[in-house]
Amino acid sequence: MCFPSLTSKTILFFSGEEPPPPPVVYFRYTDDVLRGVIKALRERKEILKEKVIDPYATSPEITPPVSKFGRIARPSVMLEKLPTLSATKPFLLSDRRYISWLTVVALAYNYNVWFCTARLAFPYHNETVNKYWITCDIISDIVNVIDIIVWQPRLQFVKAGDIIVRTFLKTNIKKLFFYLLLQTDIISILPLDLLSLQFSFSSIYRLNRFIRIDSFFEFSDRLESIMAKAYIWRVARTTGYLLYVLHLNACAFYVASVHQGLATTTWVYDGNGTAYLRCYYFAVRSLINIGGLPEPVTVFEIIFQMANFFIGVFVFSSLIGQMRDVIGAATASQTYFRASMDGCVAYMNTYTIPKLVQNRVRTWYNYTWAAQGMLDESELLDKMPLVMKTAIAVDINMATFQKIALFQGCDQQMLVDMLLRLKSIIYLPGDFVVKKGDIGKEMYIIKSGAVQVVGGPDNSIVFVTLKAGCVFGEISLLQSAKDGGNRRTANVKAHGFANLFVLEKKDLFDILVHYPESQKVLARKGRQLMKSKAPAGAKTKEEKQKGLALFGQKPPTPKLLKGYMESIENIVKNKIFHDFRLLLGTKHSSQRFRGICFLITPEKRANS
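Computed from a predicted structure; not experimentally measured.

A. Structural context of the overall build of the chain. Helix and strand content of the chain: 21 helices and eight strands. If you take every contact in the chain between residues at least 6 apart in sequence, the share linking residues at least 24 apart comes to 67%. Summed over its atoms, the accessible surface of the chain is roughly 41400 Å², and 64% of this surface lies on carbon and sulfur atoms.

B. A look at helix 9 (residues 275-287). The end-to-end C-alpha distance of helix 9 is 18 Å, a good match for the 18 Å that 13 residues give at a rise of 1.5 Å each. Taken residue by residue, helix 9 has Ala-275, Cys-279, Tyr-280, Phe-282, Ala-283, Arg-285, Ser-286 and Leu-287 as its buried positions. On its buried face, helix 9 is in contact with helix 8 (230-260) and helix 10 (299-330). After helix 9 finishes, the residue Asn-289 shows a positive phi value of roughly 60 degrees.

C. View of unusual backbone geometry. The phi torsion at Asp-458 lies on the positive side, around 55 degrees, for a residue other than glycine. Note on placement: Asp-458 falls in the loop between strand 5 (442-455) and strand 6 (461-466). According to the relative accessible area criterion, Asp-458 is exposed, its value standing at 75%. The phi dihedral of Asn-459 falls on the positive side, at around 55 degrees, and the residue is not glycine. Look at Asn-459 and you get partly exposed, because its relative accessible area is 23%.

D. Structural detail: the packing of aromatic side chains. Throughout the structure, instances matching the rule amount to 24 aromatic pairs. Ring centres of Tyr-254 and Tyr-269 lie 6.0 Å apart, and the angle between their planes is 50 degrees; this geometry places the pair in the tilted category. Taken together, the residues Tyr-254 in helix 8 and Tyr-269 in the loop between helix 8 and helix 9 connect sequence positions 15 residues apart. Like Tyr-269, Tyr-254 is buried. When the centroid spacing of 6.3 Å and the interplanar angle of 50 degrees are considered together, the rings of Phe-337 and Tyr-365 count as tilted. Here Tyr-365 lies in helix 12 (residues 355-372) and Phe-337 lies in helix 11 (residues 332-350), a separation of 28 residues in the sequence. Grouped by ring-pair contacts, the aromatic residues Phe-122, Tyr-124, Tyr-254, Tyr-269, Tyr-276 and Tyr-280 constitute a single cluster. In this structure, Lys-435 packs its charged tip against the face of Phe-432, placed 5.3 Å from the ring centre.

E. Broad picture of the packing of helix 11 against helix 12. Viewed as axis vectors pointing N to C, helix 11 and helix 12 meet at an angle of 170 degrees, and their least axial separation amounts to 11 Å. Between helix 11 and helix 12, the angle is such that the two are roughly antiparallel. Two secondary-structure elements touch here, helix 11 through Ser-333, Gln-334, Phe-337, Ser-340, Met-341, Cys-344, Val-345, Met-348 and Asn-349 and helix 12 through Lys-355, Gln-358, Val-361, Arg-362, Tyr-365, Asn-366 and Trp-369.

F. Broad picture of the UniProt feature "transmembrane region" (unreviewed entry) in the chain. According to UniProt, the positions carrying the feature "transmembrane region" (unreviewed entry) are residues 98-122, 241-262 and 302-320. This span, residues 98-122, is 96% helix and 0% strand, and a straight line between its end C-alpha atoms measures 36 Å. From the first C-alpha to the last, residues 241-262 spans 29 Å; its make-up is 91% helix and 0% strand.

G. Just a nonpolar patch on the surface, in detail. A cluster of nonpolar side chains, Ile-134, Ile-138, Ile-142, Val-145, Ile-146, Ile-149 and Val-150, forms an exposed patch at the surface whose accessible area comes to about 550 Å². By the secondary structure assignment, Ile-138 is in helix 4 (residues 130-151). You can call Ile-138 partly exposed: its relative accessible area is 46%.

H. Inspection of the packing of helix 14 (residues 386-403) against helix 15 (residues 412-420) at higher detail. Between helix 14 and helix 15, the least distance of the axes is 8 Å, while the angle of their chain directions is 105 degrees. In terms of axis orientation, helix 14 runs roughly perpendicular to helix 15. Note on element contacts: helix 15 touches helix 14 through Gln-412, Leu-415, Val-416, Met-418, Leu-419 and Leu-420, opposite Leu-386, Lys-389, Thr-390, Ala-393, Val-394, Asn-397, Met-398, Phe-401 and Gln-402. Here the contact of helix 14 with helix 15 is composed, by residue class, of ten nonpolar, four polar and one charged.

I. Here's a closer look at the environment of Met-384. Looking at where Met-384 falls in the secondary structure, it is placed in the loop between helix 13 (377-382) and helix 14. Here Met-384 falls in the partly exposed class, since its relative accessible area comes to 28%. With residues near it in sequence (within four places) discarded, Met-384 still touches Lys-389 and Ile-392.

J. Here's a closer look at the nonpolar core. Within the largest apolar cluster, 26 residues are counted, with the highest numbers of intra-cluster contacts made by Phe-401, Phe-407, Met-414 and Met-418. With five residues, helix 15 is the largest single contributor of residues to this core. Residues within four places of Phe-407 in sequence aside, it is in contact with Phe-401, Leu-415, Met-418, Met-443 and Leu-522. If you look at the next biggest cluster of nonpolar residues, it comprises 19 residues, including Cys-251, Tyr-269, Phe-282 and Leu-293.

K. Quick look at the pattern of salt bridges. Within the structure shown, the criterion is met by 16 salt bridges. The partner of Asp-137 in a salt bridge is Arg-206, and the shortest N-O contact between them spans 3.5 Å. You can see Asp-137 sitting in helix 4 and its partner Arg-206 sitting in the loop between helix 6 (184-188) and helix 7 (213-226), a full 69 residues away along the chain. For the residue pair Asp-137 and Arg-206, the accessibility class agrees, reading buried in each case. Glu-224 is the salt-bridge partner of Arg-234, the closest N and O atoms lying 2.7 Å from each other. Here the residue Arg-234 occupies a position in helix 8, and Glu-224 occupies one in helix 7, the gap between them amounting to ten residues. One salt-bridge network, held together by shared partners, links Arg-119, Asp-137, Asp-141, Asp-193, Arg-206 and Arg-209.

L. Quick peek at the pairing of strand 5. Taking burial as the measure, the 14 residues of strand 5 include ten buried ones, the bulk of the element. Looking at chain direction, strand 5 and strand 8 (residues 491-504) are connected through eleven bridges and run antiparallel. Directly across from Val-451, in strand 8, lies its bridge partner Ala-494. Alignment of strand 5 against strand 7 (residues 471-472), held across two bridges, turns out to be antiparallel. What sits directly across from Ile-445, in strand 7, is Val-471.

Conventions and cut-offs
- Residues numbered from 1 in each chain as written.
- Predicted model: local features only at pLDDT ≥ 70, side-chain atom pairs only at ≥ 80, totals over all residues.
- Heavy atoms only, no water.
- Helix = DSSP H or I, 4+ residues; strand = E, 2+ residues; numbered from the N terminus.
- Contact = heavy atoms within 4.5 Å.
- Areas by Shrake-Rupley, 256 points an atom, 1.4 Å probe, with all protein chains shown as cover.
- Expected span 1.5 Å × (residues − 1).
- Buried < 20%, exposed > 50% of the residue type's maximum accessible area, 1.4 Å probe, protein only.
- Phe/Tyr/Trp six-rings, centres within 6.5 Å; stacked < 30°, edge-to-face > 60°.
- Lys NZ or Arg CZ within 6 Å of the ring centre and 35° of its normal.
- Axes fitted to C-alpha atoms, helices over the stretch in contact; angles between N-to-C directions.
- Parallel < 35°, antiparallel > 145°, perpendicular 65-115°, else oblique.
- UniProt positions renumbered as here; feature names shortened; annotations may be inferred.
- Patch = residues over 30% accessible without salt bridge, like charges linked within 9 Å, V, L, I, M, F, W, Y side chains within 5 Å.
- Salt bridge = Lys/Arg side-chain N within 4 Å of Asp/Glu carboxyl O.
- Nonpolar A, V, L, I, M, F, W, Y, C, P; charged D, E, K, R; others polar.
- Core = buried A, V, L, I, M, F, W, Y, C linked by side-chain atoms within 4.5 Å.
- Pairing = 2+ DSSP bridges.

Spelled out as structure tokens, the structure:
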């Protein structure tokens with residue numbers, strides 16, 4: 001007999017036992033969380049059992065979400081935005097708006113590091129100027145607060161290959177508060193100036209503003225990355241470092257003079273004139289070791305002056321070495337140009353090259369350096385990745401390539417590959433780019449300058465002048481050497497200095513191997529362009545041929561078939577000779593004559 005499934009309560013009822021009391025729940029939220037965790041673990045356990053049985057089952061791990069940049073977002077890296085800034089657009093670190101703002105932040109930081117130390121050492125606090133100091137302090141603090149609250153949370157930066165946005169963790173207020181306290185930016189803007197209300201007014205309470213030194217270095221790096229001549233900023237920054245070290249030494253000298261007593265000895269500051277200017281003058285002469293300083297008297301003064309000398313030698317030598325590196329890096333390319341030109345001139349003098357040729361070589365060197373700032377542009381592009389080289393090539397020459405009638409309708413990727421094979425060549429005034437009758441191995445694109453198509457006696461007649469963006473020599477790329485199809489048909493010479501891009505035939509054929517359809521298009525267009533540029537009334541060889549000549553010369557008979565025909569001919573000859581002998585044996589002469597005439601060929605019969 002089969003019974004339906006019974007619940008635990010039904011079994012306890014029939015057994016006479018009382019059901020256990022329901023569990024007591026003290027925290028409903030905790031109970032729900034634990035029950036959810038237990039349920040998830042059980043489900044995970046079942047999935048893993050299936051995974052053991054079927055190794056191709058789906059993994060229980062949740063696939064990380066894909067970021068908007070196409071990469072898998074990492075939970076430990078991708079930080080959630082604050083709700084108040086979620087609708088704002090992040091700024092890139094290379095954005096000029098951000099660099100302009102960093103200039104303001106750097107000015108605020110320099111105000112603190114220069115004036116706070118000066119106010120701390122020199123007696124610049126009194127009832128008259130304190131209100132101005134307070135105003136400047138508030139303005140610099142407002143700049144720092146705006147930078148930390150408004151700008152920093154909207155920055156994009158790279159971490160582990162992902163472009164993410166720097167934001168604070170979204171958590172409860174207590175954790176967020178302690179998280180903010182750990183940030184150096186927050187520590188740097190703590191309002192310790194309020195202690196001046198309880199104690200005397202002093203700039204020592206603003207020394208925490210020095211912690212934001214990263215903002216100045218960030219400004220320096222970003223400004224250097226966008227400047228065309230970055231060495232100017234490097235020299236200015238190194239000079240600023242030297243001036244700031246002298247500033248700190250001037251402050252230290254004044255403090256030492258106050259400690260010893262103003263005008264107590266010949267070494268200390270005597271109290272006359274502008275205190276900062278006199279102390280700065282002492283610092284310059286002391287750190288740079290110019291000499292002529294008053295002799296220290298006390299032990300403290302001797303130790304201070306010795307420390308000045310040691311620090312001055314170390315700091316000054318370091319800054320001079322850094323300045324030398326900056327200037328050397330700024331003139332490295334010009335030094336390379338001069339060395340190359342001097343080596344070439346020495347080579348020409350060794351082999352007694354004519355002065356005319358030497359002058360042309362020098363002219364080429366000077367113009368190339370003035371026009372490009374380098375001797376070979378390919379050396380710079382070779383260091384770039386393919387994506388960057390493609391972007392530069394497309395931006396410079398893609399529009400010109402698309403205007404060439406020969407390449408219209410071809411694959412765009414093929415045009416990009418052709419752009420990467422272009423080489424830049426500079427021609428001097430009067431140089432012949434191509435000459436009539438030469439073998440055509442290249443096509444030319446005019447980058448700058450102009451060329452002239454000339455002819456007549458002594459090439460004195462100018463047929464046409466081609467300027468920047470024009471193309472010539474493209475037809476010879478597709479013509480074969482048969483019948484002189486790849487010969488140049490005109491003289492082209494440079495009119496002034498001409499910078500041309502050159503595409504060689506070998507490079508074109510290497511590219512066309514991967515684009516068979518474009519190769520067919522180019523072959524068809526090449527024939528059409530040749531016909532359109534041919535003189536009126538001229539006809540091709542195919543158009544002059546008529547009748548059976550169009551079929552060409554009869555091909556030779558195959559050897560196997562020829563041997564077979566010869567064997568058949570021999571058999572037929574033997575048969576005819578046998579029949580002829582039979583005819584000679586007949587009795588009647590009339591039958592004999594008719595048989596002989598029948599066997600003789602028509603030609604032999606006519607001759608007989």
